Amino acid sequence: MNAIKLNKISVINFSHRIESKTISLLNPFIKGVQSKLVDCEVNIHHLIEWNFSHCKGCLECWYISAGSCVHKDTFSNKIVDIIDSDLIIFSGPIWGGMANHLYRNFTLRLFCFLNPFFEKVNEHYGHRWLDNVKFKHILLFSTCSLPGLNNFAPLISHLKSFEITGVKLLESVLRPQARELEVLSNEQKEYLEQLCFNAGEEFANKTKISRHVLNRIAKTIMDSKTYMDFVNEKVKNRIKYD
């Protein structure tokens, strides 16, 4: 029996590409979830397709029109359906040590659904969500071109900070050295996709993924030096200036 009932999942894809390396691993994960939860509704939102403005910090959403942003754009049109989910999955790459502007813009715009009063939320001081916000759990699915799991730390830390609103980060599915995916054999790709599928099944059953499966997904093929030489050669070939 599920520890958390999952009837509706919203995926926020903050990659600049719809068919990204992260999405190629997330898709089998979602299939794994739906193989166990056949009635679970999953909606994927590609932020690169959205026309949405940056938060102005005007606080009208707090003091003038509760929960309503002054911007009327794609975010305004879609967010009410997203916050009605049981789980939000953030999916995308690490760029320069953190998630990109699409992720930052989306999470900042969520500010308008926070209650302005200071409260103690569980063991933390922060703000509670307005009554129309349903989601209380998030999951991270991320890749990074650089070697090392340490590159994901700033993003994980930011998502954990949602605890001050009563939202919990349940799991982080991570894959460093993501450019390896460009040269994997068909057998290696199928194995990695199967691992992601298995992770989805586990998550559907327990809203938890075993450390064994997470470690297998994160396990790289090349040693760091070989990988760096491989990527830097590609970088050198793309540079146009003398």
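Not measured: the values here are computed from a predicted model.

Q: Would you mind showing me how to read the overall build of the chain here?
A: Helix and strand content of the chain: eight helices and seven strands. A globule of 242 residues ought to have a C-alpha radius of gyration of about 18 Å, and the chain, at 19 Å, matches this closely. Its C-alpha atoms give the chain principal-axis dimensions of about 55 × 55 × 30 Å. Put simply, the chain has 242 residues, and 48% of those count as buried.

Q: Is there a simple way to think about the side chain of K8 in this case?
A: Inspection of the secondary structure puts K8 in strand β1 (residues 8-13). On the accessibility criterion, K8 (9% relative accessible area) is buried. A polar atom in the side chain of K8 sits 2.6 Å from the side chain of D81. Filtering out sequence-adjacent residues up to four positions away, K8 remains in contact with C40, E41, N43, D81, D84, S85, D86 and L87.

Q: I tried to follow the side chain of E171 on my own but got confused; where do I start?
A: Within the secondary structure, E171 is located in strand β7 (residues 168-175). No salt bridge forms around the buried E171; measuring N to O, its nearest opposite-charge neighbour K208 is 4.2 Å away. In terms of polar contacts, E171 uses its side chain to reach the backbone amide nitrogen of I209, at 2.9 Å. Sequence-distant contacts of E171, defined by excluding residues within four places in its chain, comprise I138, L139, L140, F203, K208, I209 and L214.

Q: Please explain helix α3 (residues 74-82) as it appears in this structure.
A: Every α-helical turn comprises 3.6 residues, leaving residues that sit three or four positions apart pointing alike. Among the residues of α3, those classed as buried are T74, F75, I79 and I82. Along the long axis of α3, the arc covered by the buried residues comes to 100 degrees, so they all point the same way. In this fold, the buried residues of α3 make contact with β1, β2 (41-46), β3 (87-94) and α4 (101-109). Of the residues flanking the start of α3, the one acting as N-cap is D73, its side-chain oxygen 3.3 Å from the backbone nitrogen of F75.

Q: It is not clear to me how helix α8 (residues 224-238) should be interpreted in this structure. Could you clarify?
A: Helix length check: α8, at 15 residues, gives a terminal C-alpha distance of 21 Å against a target of 21 Å (1.5 Å per residue), a fit within 8%. For α8, the complete set of buried residues consists of Y227, F230 and V231. What you see down the axis of α8 is that its buried residues fit within an arc of 90 degrees, all on one side. Opposite the packed face of α8, turned more than 90 degrees from it, sit the exposed residues K225 and K236. Between a side-chain oxygen at the N-terminus of α8 and the backbone nitrogen of K225 the separation is 3.1 Å; the capping residue is D223.

Q: Sorry, what's going on with the pairing of β3 here?
A: Regular strands show a simple pattern: their side chains alternate between the two faces of the sheet. Among the eight residues of β3, eight are classified as buried, and the element is accordingly described as predominantly covered. Sheet analysis places β1 next to β3, joined by five bridges and oriented parallel. The partner of V11 across the bridge, within β3, is I89. Bridge analysis of β3 against strand β6 (residues 137-144) gives seven bridges, and the strand direction is parallel. Bridge assignment links S91 to a residue of β6, and that residue is F141.

Q: Would you explain the sheet that holds β1 in this entry?
A: Two strands in a sheet stick together by hydrogen bonds in their backbones, pointing the same way (parallel) or opposite ways (antiparallel). In spatial order, the strands read β2-β1-β3-β6-β7; together these five strands make up an open sheet with parallel pairing. Every other strand in the sheet has two partners, leaving β2 and β7 as the edge strands with one partner each. Between one strand and the next, the sheet's axes are offset by a mean angle of 15 degrees, whatever the strand orientation.

Q: What is the right way to read the packing of aromatic side chains from this model?
A: For any pair of aromatic rings, the description consists of the separation of the ring centres together with the inter-plane angle of the planes. Here the structure, examined in full by the defined rule, presents 14 aromatic pairs. Seen in terms of ring centroids, Y227 and F230 are 6.3 Å apart; in terms of plane orientation they differ by 45 degrees. Their pairing is tilted. Note that Y227 and F230 are positioned in helix α8 at a spacing of three residues, about one turn of the helix. When sorted by exposure, Y227 lands in the same class as F230, which is buried. In textbook terms, an aromatic cluster arises when at least three aromatic residues are bridged by ring pairs, as seen for F14, W50, F52, F75, F90, Y103 and F106.

What counts, and at which threshold
Residues numbered from 1 in each chain as written. Predicted model: local features only at pLDDT ≥ 70, side-chain atom pairs only at ≥ 80, totals over all residues. Heavy atoms only, no water. Helix = DSSP H or I, 4+ residues; strand = E, 2+ residues; numbered from the N terminus. Rg over C-alpha atoms; globule rule 2.2 N^0.38 Å. Buried < 20%, exposed > 50% of the residue type's maximum accessible area, 1.4 Å probe, protein only. Polar contact = N/O pair within 3.5 Å; in protein donor to acceptor, adjacent residues only side chain to side chain. Contact = heavy atoms within 4.5 Å. Lys, Arg positive; Asp, Glu negative; His and termini not counted. Salt bridge = Lys/Arg side-chain N within 4 Å of Asp/Glu carboxyl O. Arc of directions from axis to C-beta. Expected span 1.5 Å × (residues − 1). Pairing = 2+ DSSP bridges. Axes fitted to C-alpha atoms, helices over the stretch in contact; angles between N-to-C directions. Phe/Tyr/Trp six-rings, centres within 6.5 Å; stacked < 30°, edge-to-face > 60°.

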